[in-house]
Each structure stands twice: as structure tokens, then as C-alpha cells.
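Below, each chain spelled out in residue letters.
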Amino acid sequence: MRWHLSHSRKGSSQRVIFLGILASLVVSVPVGSHGESAKNDTPVRYLPDLKVWVLDTARASYEIGVNERNELQTVYWGEKLSSDHGFSAARSHPEHASFDSSETMTNSEYPGWGGKYYNEPTLKVTLADGDRDLVLKYADQTIRGNTLVIRLRDIQYDLFVNLIYTVFTEEDIIRKQAEIENRTSQVATVESAQSGVWNVPQGEGYRLTYLTGRWAGETQVTREPINPGKKVLESRRGTTSPELNPWFAIDEGGEADEQHGRVWFGALGWSGNWKLTVEDTPPSHQVRVTGGYNDFDFSWPLQPGESLATPAFYGGFTKQGFGEASRLLHRFERSEILPDHAHPRVRPVLYNSWEATTFNVNEEGQKALAEKAAKLGVELFVMDDGWFGKRNNDHAGLGDWYVNPQKFPHGLQPLISFVNSLGMDFGLWFEPEMVNPDSDLYRRHPDWVMNFPGGPRCEARHQLVLNMARDDVKEYIFGVLDKMLSTNDIKYIKWDMNRHFSEPGWPEVPVVEQKEIWVKYVRNVYEIMDRLRAAHPKLEIESCSGGGGRVDLGILERVDEVWTSDNTDAFDRLRIQEGFSFAYAPKIMSDWVTDVPSLNGRSTPLKFRFLVAMQGALGIGANLNKWSTEDFALATRMVSYYKSLRETVQGGDLYRLFSPREGNSTANEYVSRDGKQAALFSFLDSQQSLWPTPTICLRGLEEKALYRISTIDDKLMVPPGIRVAEGVSGSFLMHHGLDLNLRGDYDSTLVILERAE
Ligand code: DGJ
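Keep in mind it's a predicted model, so treat the numbers as computed, not measured.

Digging into the packing of helix α3 (residues 321-337) against helix α10 (residues 570-583)
Describing two packed helices takes the angle between their axes plus the distance from one axis to the other.
Line of reasoning, step 1. At a closest axis distance of 6 Å, the pairing of α3 and α10 adopts a crossing angle of 70°. Judged on the interaxial angle alone, α10 and α3 are roughly perpendicular. Here Phe322, Ser326, Leu329, His330 and Glu333 of α3 come into contact with α10, specifically with Ser581, Phe582 and Ala583.

Written as C-alpha cells, this is what we have:
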């Protein structure tokens, strides 16, 4: 059983069941009464003499303890401590002055707002009797396998918090979740519910790396020193958002690079309003990151006996720089998060009709594209927007999920059968959470959109947001999608969301519950996806929000890939994809080759566009009707290269060799997990003053192994005496390196290495 309290694969109606699961798991064990500590090769150990728990991964240790005030405290997070003699007990920080309490200077694991605590709290509650003082102390604990549950209780009331820690040994990652239980006899209104806090070792000079952006410019790597005060990364938009992504990395002294340096990193698994507070708290200069539901416009009344589960908050540590931090996350996503984690599948090469036909889809036109796509080696043909209702532009039709009879007089099945006869699967675009005011659905159910009665309903892209928190809306949308999937051979859904919330009112429920809309909306979207997948086990889903606006470890538990950006300009994509790869695996990253000029008006060669797109899940989104014979020949060759190395790209280790943010060349290397294959993608934006591209030293190879080298062109400058076809040592490739003859503007190449047996 996967120990997972999040909303994953469970609906909001399961709240009470969570309580039941925990009740059966948690037995009351006062600290100090344990017998022997477990052996130090187990992922979770309790050291009774010290009253500490050690959570060990392969290369890192996380230590929590109960201090002399019976508070739960972070003791250590960093490189693995290999001996039980190397641990210390939890000890509160001395008070600095009457202004700077010990409580606020001590690294609490889960600080409630109350007492003399002044930093960002993980939990803030108001009880019906008016009491707002929450002081959490240790109550009991349970260890089962790789999971530790620690229960805290308020000093006065029967308000409990279950902290659930799960250790993922090989990936050096720990998951934190919290469940807040109201066992009092009065309503407890939760005003902030965070999943947890990650305290890095006390000190100064830390640097924050995070991902920011906007539509068509997602996942841009951004860096800045952490100074006293708070930096809030958040979304108040109802979904993850392209503006900021719930991922962070912190390094010491700003000195870590791709290969070296201590890096603490983390990510939140939530696709609604989220918040990460990066705090350097004076007076102790303690840097910590608190994460969970955004407390903006948040209020959740817990009736007696009810509980509230927070999203999962993941944290990891490496001393091998940002490159290793990314590789650990990638491995973790592939082996624990993605829907195919138990039985990994390669991502198919897909074709998407959007840029070729926009809303002008019809049976004949799509068949013509499908025929051409199949010849290139495409495996999944996806028809995008425009196939339903009265959808001829973005003014009408959203919500009317029936096939447009003018465009498809015999329904979708003739097209689907044709696509299947060409050896491809069929996928279809939906935007289930949205409605155009000009739609039958809106005319029938104007009350189904989120709104404040009598107030304005702001449109964006001429659409309104359905209140997915409503169970009747959820059931309707599930029913419509389920019927489409049951009556047509659809293997893949592109699930789009093209605007953020406005007027998030929910007039049908009591006022005190209306703010639950932010969380219940997301839970219901998750639930629909989970039920669809359960009812249609072969279904795959792509998450899209006008590009990469909904990418996080919550949605990734139920979608197979993500539309990275509506910006398919290959040069821009180098940066977008680099940022994406800091947090998310290449396998998830959908990249299309499209036509030029791009959104920016830039034209790059087809080879360059292919090589950029081949670094993730390759797709083609061009108008194939306009391609020349030469384009087809090159594309067919590139698709075939991609298929020969996609397991390495999608399932291997990524080494970012040259960043597109520095200099004018980019190089990325992918090494298969068994070490037998490696692929080097190299790009030159613009050559100046005849400067050659820098020598590229590869990484992640075996020093003594021999690698046969092949390339797709003549760009490799073979050093004298080196026989590339026979084998070059890993040591030569990693230390001497390779020189590539990239010239002019937007030049590129691909070098493939196969380990000689
Ligand atoms: C936004 C997506 O990002 C595009 O790929 C396309 O699906 C359009 N929506 C369709 O309206």
C-alpha cells in the first residue's frame, strides 16, 4: 500500500476515512518508553535515549526530535550520518531577549500559531469559543516500514495533527503531509493549513533558485540571495499557474553548480492555490521553507470528528549540485509519482493538430494530416480544439461536449478508425472545467459557474469557470467524459484549462463553507481524472493550461505528460525546457516541432527544431500539408533517431552541460540507467567572431568503458588517432571531451554513444 494521505485518488468524502486509517495505525507510545533502536539500515529509526527519529535515505539523513518542552523539532537535515554516535538530541534555542522568544528561534517541525511563535505558522485555527491559541506538543508516534507518523496535540484542546513522513530511500526524498483532526466538541475553523516546514542548517549566505514565468514563457530559472524576511512563492489563481511553480532549491553560499555543492530542494504536490514561504527569520538567521495550501482566502470549518489533509510536500538533499538534485527528482517522479510508475511505458511520438488547423477541424482535413503523420512514424494522433458544439472560434461551444455534426457528419469513429488503420492511437482535446456563455450548457445551467450572486462574471478568452467544487457539476463532467471514452476509441485526453479563477463564489453552500471552493475544486478535478483512469485503464492524460500552467507533483500523479508551453519557438524552448528539467523529468515534457516563423517571428532550421523537441516527449505540431519532400525526409530520419534513443531520454539521467542562460551554446546529455547508451544534444545560437563552440566534457560515463560514437551529421571533429566507430574511453569523453564544429546561427547536432560490451 502506498502510504499517501493526499487527495490522491481519494475524494473529499473520504475525510473521515483518513481518520480511521490513522487511528488504526497510531498507538500511543510516550517518548522514551521504546526499547531498542532499530538497525541503522532501516529508513526510519527511533533512538530512545536521545528521543529522536532518524529518517535515512541512501545518501542523506533527516533527524527530528522532541525537546525538553515536549515540542517536535528539526534536529538535522543533510549528508547521511552513518553512525548512531553522531546524533544529538533536540534542544530548544535559548531566548535571545524578551522580544525574541525561544519558541520563535527554535526550529519547530510543525509550529501552530500560538504562544510566543512569530514566524510563518504551519497551522492557524479559531475555535468556536473564540480561542485562537494553538500550541502543539508531542503526543505519540508509530513507525511502519518507511513511514513515520507523529501525532501532536494542542496543550489545551483535543486538536490533533498527524504528521506523516515517508522515506524514499533511493531517491533521497522525504514526503511530509499533515492531517488536522478536530476531536473537540466545537467547530474549529482552520485558517492556514500547511503541509510542513523544511529547515535548512542554521547559517547565512543561502541562495534561492525557483521557477517563474508567464504564458508562453514558463519555467524560467531565477536566482537570488536569501536575506532576512520572507519571500512568498504562490498561486492565488485557482491552479498551479505558469507565473510561479511550487518547486524550490536552496544552496549554500550561492556556490553550488550543476555538479558540486550542497543543495536542499523541495516541491509541493498541489494543483490549486499553493504557497511556499521562504523565510530567513531574524534574529536566529534561520532559513526555512513552509509549504501547503495558500492561506489567502482560506477558511475550512472542521466539525467535531472531522479532519483535513494537506497536500504532500517533498524534500530532498544532495551534495552534488543542482544536476543531481534534478536527477533525484526525475527518478522519484518516474518511480513513485507518475501513473505508470509501476510499469513504465515510453511516451509515444505524437502529432497534434492545433497549430496546423486551429478550430478548422473536419474529418477530411484531419485524415489528410493523419496520413502524413503516420508516414513520419507518429504513434498517437491528437485532434485539438474545434471538434465539438458550435466551436468555430474561442467565443462559443465550451461545455457542449458533443461532436459537431457539420464537421464530423458521421461522428468521430470514421476518423478514429482511419487513424487506427494507420497504426496510430487517437487522442482528443477537452477543456472540461470551462464554459462559454455562448453554449447550451451555460444557457441550461448559468448557476454552475463560480459567481457571487448579482455580481459580474469576468470572462477570459470568452469563457467562465465551472464550479467544479459542486458535486453535481463534477458528476456531470465525469459523465460526459466517460461517455465519450466509452463510445469512441480514445486513448488519450489533452485536458486543457485556459484561464484562471475569478469571482470564486459558491452561493449554494453556507457562507462559512464557501471558501472551501479552492480546495474542493481541485480535489474534484483529481477525482474525475482518477475515476476516468480507473474506468478506462488504457487512458493517458496530458495536462495543459495554455501550456505549462498546471505542472506539479499533484497533477503528475494522474497525468502522463504535460504541455510545456504554447511557445514552440525552438530557441526560447531551450530555456523553458531547461527550467522545466530542474524540477520535472524529461519524460513528462511534451515538445512539438512546429512551423516557422514562430510566435516570436524567429525562424530556426528544422533540424534545430527537432533536436530541441527530441529532448523530452517528442511531438509534431506543424502543418504537414505545407512540408516539402526534404522536410519529410529529414523529419522521418529524426523520428527514427528519436525512437532509437527515447528510452535514454525519457528514462535516463540528464546532465545539463551548458546552460542556455550562459553563453551562446547549450548542451544536454542523457545517459541510460543501465549506462549502455548516451545521447549528447548540442546547440549553437549564434556564432560570433569565428569563436568555436567550447569543448564538451561528458558526464555520467564509466571511466574505463569504451563507447562507440555515431552522429547524425558531420559536426563531430574527430581527434587524430581516435577511432569513433571502434570505441572511445569514458575517461577520454569525460576529461578530454569532444569538439563540435557548430557554425553560424541555430546550428545543432546529436551525438550518440553506445557502450561496447
Ligand atoms: C491552449 C493550448 O495550450 C493549445 O495547445 C491548444 O490546445 C489551445 N489551447 C486550444 O484552444
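Thoughts on the site of the ligand
Line of reasoning, step 1. Surveying the vicinity of the ligand reveals 14 residues, the closest of which are Asp384, Asp385, Lys494, Asp496 and Asp566.
Line of reasoning, step 2. Interatomic distance of 2.6 Å between a side-chain N/O atom of aspartate 384 and an oxygen atom of the ligand.
Line of reasoning, step 3. Across the complex, the protein chains shield 98% of the 290 Å² of accessible surface that the ligand would expose by itself.

Description of the packing of helix α8 (residues 471-487) against helix α9 (residues 517-535)
Line of reasoning, step 1. Packing of α8 against α9 leaves a shortest axis separation of 10 Å and a crossing angle of 30°. In terms of their interaxial angle, α8 and α9 are classed as roughly parallel. For the element pair α8 and α9, the recorded crossing hand is right-handed. Across the interface between the two elements, Asp471, Lys474, Glu475, Ile477, Phe478, Leu481, Asp482 and Leu485 from α8 touch Asn524, Glu527, Ile528, Arg531, Leu532 and Ala535 from α9.
Line of reasoning, step 2. Class assignment for the residues of the contact of α8 with α9 results in seven nonpolar, one polar and six charged.

Topic: the nonpolar core
Line of reasoning, step 1. Counting 184 residues, the largest nonpolar core has Trp387 and Phe610 as the members making the most contacts within it.
Line of reasoning, step 2. A total of 10 residues in this core trace back to one element, the largest contributor, which is α9.
Line of reasoning, step 3. Setting aside anything within four residues of it in sequence, one finds phenylalanine 610 in contact with Val593, Leu618, Ile620, Trp627, Ala635, Met638 and Val639.
Line of reasoning, step 4. Core analysis: the next-biggest nonpolar cluster, separate from the first, contains 23 residues, Ile696, Leu698, Met734 and Leu753 among them.

Considering the packing of aromatic side chains
Line of reasoning, step 1. In total, this model carries 35 aromatic pairs according to the counting rule given.
Line of reasoning, step 2. Seen from their ring centres, tryptophan 387 and tryptophan 401 are 6.0 Å apart, and the 40° between their planes marks the pair as tilted. Taken together, the residues tryptophan 387 in the loop between β22 (380-383) and α6 (413-421) and tryptophan 401 in the loop between β22 and α6 connect sequence positions 14 residues apart.
Line of reasoning, step 3. Using a relative accessible area of 8% as the deciding quantity, one classes tryptophan 401 as buried.
Line of reasoning, step 4. On the basis of an interplanar angle of 65° and a centroid distance of 5.9 Å, the ring pair of phenylalanine 571 and tyrosine 746 is categorised as edge-to-face. Remark: tyrosine 746 occurs in strand β38 (residues 745-755) and phenylalanine 571 occurs in helix α10; sequence separation between them is 175 residues.
Line of reasoning, step 5. With relative accessibility at 18%, the residue tyrosine 746 sits in the buried group.
Line of reasoning, step 6. Among the aromatic side chains, those forming a connected cluster through ring pairs are Tyr62, Trp77, Trp198, Phe248 and Phe313.

A few points about the sheet that holds strand β1 (residues 44-47)
Line of reasoning, step 1. The antiparallel open sheet is built from four strands, whose spatial order is β1-β2-β3-β4. Each edge of the open sheet carries a strand with a single partner, namely β1 and β4 (72-79). Adjacent strand axes in the sheet meet at a mean angle of 20° when their direction is disregarded.

Some words on the pairing of strand β10 (residues 188-199)
Line of reasoning, step 1. Burial within β10 is extensive, with 10 of its 12 residues counted as buried.
Line of reasoning, step 2. Direction of pairing for strand β5 (residues 123-127) relative to β10: antiparallel, over a ladder of five bridges. Each bridged residue has a counterpart across the sheet, and for threonine 126 the counterpart in β10 is threonine 189.
Line of reasoning, step 3. Pairing of β10 with strand β18 (residues 300-302), which is carried by three bridges, proceeds in the antiparallel orientation. Bridge pairing in β18 places valine 190 opposite tryptophan 300.
Line of reasoning, step 4. Strand direction decides the pairing type here: β10 and strand β17 (residues 286-293), joined by five bridges, are antiparallel. Directly across from glutamine 194, in β17, lies its bridge partner glycine 292.

Description of the confidence of the model for the chain
Close inspection of predicted coordinates is inappropriate in any region flagged by low pLDDT.
Line of reasoning, step 1. Considering every residue of the chain, the mean pLDDT works out to 94; 95% of them sit at 70 or more.
Line of reasoning, step 2. Residue range residues 1-38 is modelled with pLDDT below 50. Its contacts to residues more than four positions away, or to other chains, number 102 contacts.

Some remarks on the sheet that holds strand β23 (residues 425-430)
Line of reasoning, step 1. One closed barrel holds the eight strands; their spatial order is β21-β22-β23-β26-β27-β28-β29-β30, and the pairing between them is parallel. Neighbour-to-neighbour, the strand axes of this sheet turn through a mean angle of 30°, independent of strand direction.
Line of reasoning, step 2. Sheet topology note: the β23/strand β26 (residues 492-495) ladder contains four bridges and is parallel. Bridge pairing in β26 places phenylalanine 430 opposite tryptophan 495.

Describing α10
Line of reasoning, step 1. Under the 1.5 Å per step criterion, the end-to-end length of α10 is 20 Å for 14 residues, consistent within 8% with the ideal 20 Å.
Line of reasoning, step 2. The buried count for α10 comes to 12 of 14 residues, which makes it a mostly enclosed element.
Line of reasoning, step 3. Buried within α10 we find Ala570, Asp572, Arg573, Leu574, Ile576, Gln577, Glu578, Gly579, Phe580, Ser581, Phe582 and Ala583.
Line of reasoning, step 4. Looking at where α10 begins, the residue whose side-chain oxygen comes 2.9 Å from the main-chain nitrogen of phenylalanine 571 is aspartate 569.

Regarding the environment of arginine 288
Line of reasoning, step 1. Along the polypeptide, arginine 288 turns up in strand β17.
Line of reasoning, step 2. Filtering out sequence-adjacent residues up to four positions away, arginine 288 remains in contact with Thr106, Asn107, Tyr117, Asn119, Val197, Trp198, Asn199, Thr277, Val278, Glu279 and Thr281.
Line of reasoning, step 3. A distance of 3.2 Å separates the side chain of arginine 288 from the side chain of asparagine 107, its partner in a polar contact.
Line of reasoning, step 4. In this structure the side chain of arginine 288 is engaged in a polar contact, spanning 3.0 Å, whose partner is the side chain of asparagine 199.

What to know about the pattern of salt bridges
Line of reasoning, step 1. In the structure shown here, the tally under the stated rule is 58 salt bridges.
Line of reasoning, step 2. A salt bridge links arginine 347 to glutamate 540; its shortest N-O distance comes to 2.9 Å. A residue pair is termed long-range when its members are at least 10 positions apart, and arginine 347 in the loop between α3 and β21 (350-352) and glutamate 540 in strand β27 (residues 540-543) qualify at 193 residues. Take arginine 347 and glutamate 540: they sit in the same class, and that class is buried.
Line of reasoning, step 3. Look at the salt bridges and you will find they share partners, linking Arg345, Arg347, Arg533, Glu540, Asp560 and Glu561 into a network.

With respect to the side chain of asparagine 436
Line of reasoning, step 1. Looking at where asparagine 436 falls in the secondary structure, it is placed in the loop between β24 (434-435) and α7 (440-444).
Line of reasoning, step 2. Take asparagine 436: its relative accessible area is 0%, and that puts it in the buried class.
Line of reasoning, step 3. Within the structure, asparagine 436 has its side chain in polar contact with the backbone nitrogen of leucine 398 (distance 2.8 Å).
Line of reasoning, step 4. Those residues within four positions of asparagine 436 in sequence are excluded, and the remaining contacts are Arg391, Asp394, His395, Ala396, Gly397, Leu398, Tyr442, Arg461, His462 and Gln463.

Some remarks on α8
Line of reasoning, step 1. A rise of 1.5 Å per residue sets the reference length of α8, with its 17 residues, at 24 Å; its end C-alpha atoms lie 24 Å apart and thus fit the reference within 8%.
Line of reasoning, step 2. Buried within α8 are the following residues: Val473, Lys474, Ile477, Phe478, Val480, Leu481, Met484 and Leu485. The buried side chains of α8 occupy one side of the element, clustering within an arc of 160° when seen end-on. Residues of α8 that are exposed and angled more than 90 degrees away from the buried face: Lys483, Ser486 and Thr487.
Line of reasoning, step 3. Against β23, β26 and α9 lie the buried residues of α8.

Quick notes on the rules
- Residues numbered from 1 in each chain as written.
- Predicted model: local features only at pLDDT ≥ 70, side-chain atom pairs only at ≥ 80, totals over all residues.
- Heavy atoms only, no water.
- Axes fitted to C-alpha atoms, helices over the stretch in contact; angles between N-to-C directions.
- Helix = DSSP H or I, 4+ residues; strand = E, 2+ residues; numbered from the N terminus.
- Parallel < 35°, antiparallel > 145°, perpendicular 65-115°, else oblique.
- Contact = heavy atoms within 4.5 Å.
- Near = heavy atom within 4 Å.
- Polar contact = N/O pair within 3.5 Å; in protein donor to acceptor, adjacent residues only side chain to side chain.
- Areas by Shrake-Rupley, 256 points an atom, 1.4 Å probe, with all protein chains shown as cover.
- Left-handed = near helix turned anticlockwise from the far one by under 90°.
- Nonpolar A, V, L, I, M, F, W, Y, C, P; charged D, E, K, R; others polar.
- Core = buried A, V, L, I, M, F, W, Y, C linked by side-chain atoms within 4.5 Å.
- Buried < 20%, exposed > 50% of the residue type's maximum accessible area, 1.4 Å probe, protein only.
- Phe/Tyr/Trp six-rings, centres within 6.5 Å; stacked < 30°, edge-to-face > 60°.
- Pairing = 2+ DSSP bridges.
- pLDDT = per-residue confidence, 0-100.
- Expected span 1.5 Å × (residues − 1).
- Salt bridge = Lys/Arg side-chain N within 4 Å of Asp/Glu carboxyl O.
- Arc of directions from axis to C-beta.

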